[in-house]
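The residues making up each chain are set out below.
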Amino acid sequence: MLDASDLVLGRMFASVRLHRNYRLFFGGQMVSLVGTWVQKVAQAWLVLELTRSGLALGVLAACQFVPYAVFGLFGGAIVDRLDKHRTLIGTQAASMTCAGAITVLLFTGVPKVWEIDAIAALQGLVLVLDAPARQSFTIEMVGREQLPNAIALNATLTNAARALGPAVGGMAIAGVGLRLCFLGNALSYLPVVAGLLLMRRDELHRPARAAARGRILRGAVDGLRLASTMPTVAMILILVCAVAGLGTNFDVVLPFMARTTLREGPRALGVLFACFGVGALGGALLSATRGRASHAGLLGSAAAFGALEILLAPLRTVLGCAAVLVGAGAAFAVFTANANALLQLHAPDHLRGRMLGLYAYGWMGTAPLGGLLAGWLCEHGGPGLAVALGGGGVCLAAGLAAALWLRARSGAGEPPRRDV
């Protein structure tokens, strides 16, 4: 007879247990996402060492996401016309090539800042297709019934890597140097590509495809038009833009905070990133166990995330910052799991790629301006100002405004579904 812990674990990892293709995906991502976070820490520290400038970190963040800001709205429309499985094989191989390129530069000399920025921009171009393809491929691996669980498990993977990767990266920078950090990330893509190649295509849950009519531009416009006619979808996308564009610029703020405010090195930077990841891992596991998404979870987590960022701003010790970042990470993970699941469950099957393209655009298309703003605020007012004004205040206000909007709709006799 199964005890309570076995039942909880079985429910938490239902998608892994029931679907072979998802197990392959899950296993590959376990390795690759850690490598990605190791490189994130290493790349930020490399630019900071070369320039000692918060604005240079903002420029790096902008370069990573400018391609998505320009082309991201078309990504979902393109993905809706492509085989998502084969698309992911191509995009993951391209990402491995980009990681390999910066590794070669480091092993052959000292890379210039413009070379690092250029490779970041190429990686951003790959994301235009990779992000909506990866998001919308989840339902093809597990089906509609297990979708909320699989989304929460994807978030768990991301946040486990967010906890482990930066800690490994910080220690690796100090212990073995930047070169091996970038080499490790390049090699970490191999399990992902292998897992995708080993999948059984006849076991995928493929939705019926609508005829690919019209141009890509029209497809993107149709996605925007559909989102504007669905108030709940529009609210989710606006809230994501607010949180992503101004609240999550930690790649810019935390390196500058570690070096200037806390006067610490790469190990402390790794600890700060890892603490955010530990909290996010807990939030993701909570979402996976709960197994359903709700508007209350979405809005409450957005407001909590903003409030915790405001608490972070005046702190001057690694321990204090680490404690607040654990809470912020948990709130962030609950927010992303609820936003992703609610959006997918409201979107028609044949337009899910377009809706997830808009969702990914909310996260990445707003990043160039958000990163530049965070870098400018760090340079001129310090990281505390960037966190309190550019992040916390906006996220808290957006969460409260969305809650008031939903309450007004409910009072008008149009209550949204509470759980889906």
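Remember, predicted model here, so these are calculated numbers, not experimental data.

Q: How would you sum up the overall build of the protein? Please name residues and give values.
A: The secondary structure content of the protein amounts to 17 helices and zero strands. A total of 420 residues make up the protein; the buried ones form 55% of that total. Of all intrachain contacts in the protein linking residues separated by at least 6 positions in sequence, the fraction that spans at least 24 positions is 88%. When the accessible area of the protein is evaluated, it comes to approximately 17,200 Å², of which 67% is carbon and sulfur surface.

Q: Which residues make up the packing of aromatic side chains, and what values do they have?
A: How two aromatic rings sit relative to each other is given by the distance of their centres and the angle of their planes. As enumerated under the stated definition, the model contains ten aromatic pairs in all. Centroid distance Tyr359 to Trp363: 6.3 Å. Interplanar angle 80 degrees. Geometry classified as edge-to-face. Of the two residues, Tyr359 and Trp363 both sit in helix 15 (residues 352-364), four residues apart, roughly one turn of that helix. Tyr359 gets classed as buried once you look at its relative accessible area, which sits at 4%. One aromatic cluster is present, built from ring pairs that chain together Phe250, Phe276, Phe305, Phe332, Phe335, Tyr359 and Trp363. Sitting above the plane of the Trp37 ring, Lys40 keeps its charged end 5.4 Å from the centroid. Taking NZ or CZ as reference, Arg179 lies 5.6 Å from the ring centre of Phe107, over its face.

Q: Residue-level account of helix 10 (residues 231-247), with values.
A: Side chains of residues three or four places apart in an α-helix project in the same direction, reflecting 3.6 residues per turn. Helix length check: helix 10 (17 residues) gives 23 Å between terminal C-alpha atoms against 24 Å at 1.5 Å per residue, within 8%. With twelve of 17 residues buried, helix 10 lies mostly within the body of the structure. Listed in full, the buried residues belonging to helix 10 are Thr232, Val233, Met235, Ile236, Leu237, Leu239, Val240, Ala242, Val243, Ala244, Gly245 and Gly247.

Q: Outline helix 16 (residues 367-381), supporting the account with residue identities and numerical values.
A: Over its 15 residues, helix 16 extends 20 Å from the first C-alpha to the last, a length consistent with the 21 Å expected when each residue adds 1.5 Å. All buried positions along helix 16 are accounted for by Ala367, Pro368, Gly370, Gly371, Ala374, Gly375, Leu377 and Cys378. Two residues or fewer past helix 16, Gly382 is found with a positive phi of approximately 90 degrees.

Q: Tell me about the environment of Asn21, and please be specific about residues and values.
A: Relative to the helices and strands, Asn21 is located in helix 3 (residues 20-51). The sequence separation of Asn21 and Thr138 amounts to 117 residues, and the corresponding C-alpha distance is 9.9 Å. Not counting residues within four places of it along the chain, the set of residues in contact with Asn21 comprises Met141, Met199, Arg200, Glu203 and Leu204.

Q: Help me get a handle on the side chain of Asp130, residues and values and all.
A: Residue placement: Asp130 occurs in helix 6 (residues 113-142). There is a polar contact of 2.9 Å between the side chain of Asp130 and the side chain of Gln92. Among the polar contacts listed, one links the side chain of Asp130 to the side chain of Arg134, at a separation of 2.5 Å. Setting aside anything within four residues of it in sequence, one finds Asp130 in contact with Leu88, Thr91 and Gln92.

Q: Talk me through a nonpolar patch on the surface; I want residue IDs and the actual numbers.
A: Side chains of Phe107, Val176, Leu180, Leu183, Leu187 and Leu190 sit close together on the surface and give an oily, nonpolar patch of about 540 Å² of accessible area. Ranked by the residues each element gives to the nonpolar patch, the list is headed by helix 8 (residues 178-198), at four residues. With respect to the secondary-structure elements, Leu183 resides in helix 8.

Q: I'd like a description of the confidence of the model for the protein, backed by residues and values.
A: On average, residues of the protein score 81 in pLDDT, and 87% of them are at 70 or above. Across the protein, helix 5 (residues 84-108) holds the top mean pLDDT of 93, while helix 1 (residues 4-12) sits lowest at 57.

What counts and how
Counting from 1, residues in each chain are numbered in the order their sequence is written. With pLDDT at 70 or above as the cut-off, local features in this predicted model cover only qualifying residues; side-chain atom pairs require 80 or more to be listed or tallied, and sums for whole chains, interfaces and linings still use all residues. Calculated side-chain values reflect all of the structure's heavy atoms, with hydrogen atoms and water omitted. For the purposes of this entry, the term helix denotes a DSSP run of H or I that reaches at least four residues, the term strand denotes a run of E that reaches at least two, and both are numbered from the N terminus. Throughout, exposure labels follow a simple rule: accessible area from a 1.4 Å probe, protein chains only, divided by the maximum for the residue type, with under 20% read as buried, over 50% as exposed, and the rest as partly exposed. Between two residues, a contact is recorded if the distance between any of their heavy atoms is within 4.5 Å. A 1.4 Å probe and the Shrake-Rupley method give the accessible areas. Residues count as covered only by the protein chains that appear here. Ring pairs are drawn from Phe, Tyr and Trp, using the six-membered ring of Trp, whenever the two centres fall within 6.5 Å, and their geometry is named by plane angle: stacked under 30 degrees, edge-to-face over 60, tilted for the rest. Each ring is checked for a lysine NZ or an arginine CZ that lies within 6 Å of its centre and within 35 degrees of its normal; such an atom marks a charge sitting over the ring. Expected span of a helix: the number of residues minus one, times 1.5 Å. Definition of a polar contact: a pair of N or O atoms within 3.5 Å, with one able to donate and the other able to accept a hydrogen when the atoms are protein atoms, and with sequence-neighbouring residues admitted only if both atoms are side-chain atoms. Patch definition: residues above 30% relative accessible area lacking any salt bridge, with like charges linked at up to 9 Å and the nonpolar side chains Val, Leu, Ile, Met, Phe, Trp and Tyr linked at up to 5 Å. A pair is scored as a salt bridge if a Lys or Arg side-chain nitrogen falls within 4 Å of a carboxyl oxygen belonging to Asp or Glu. pLDDT is defined as a per-residue confidence score from the predictor, taking values between 0 and 100.

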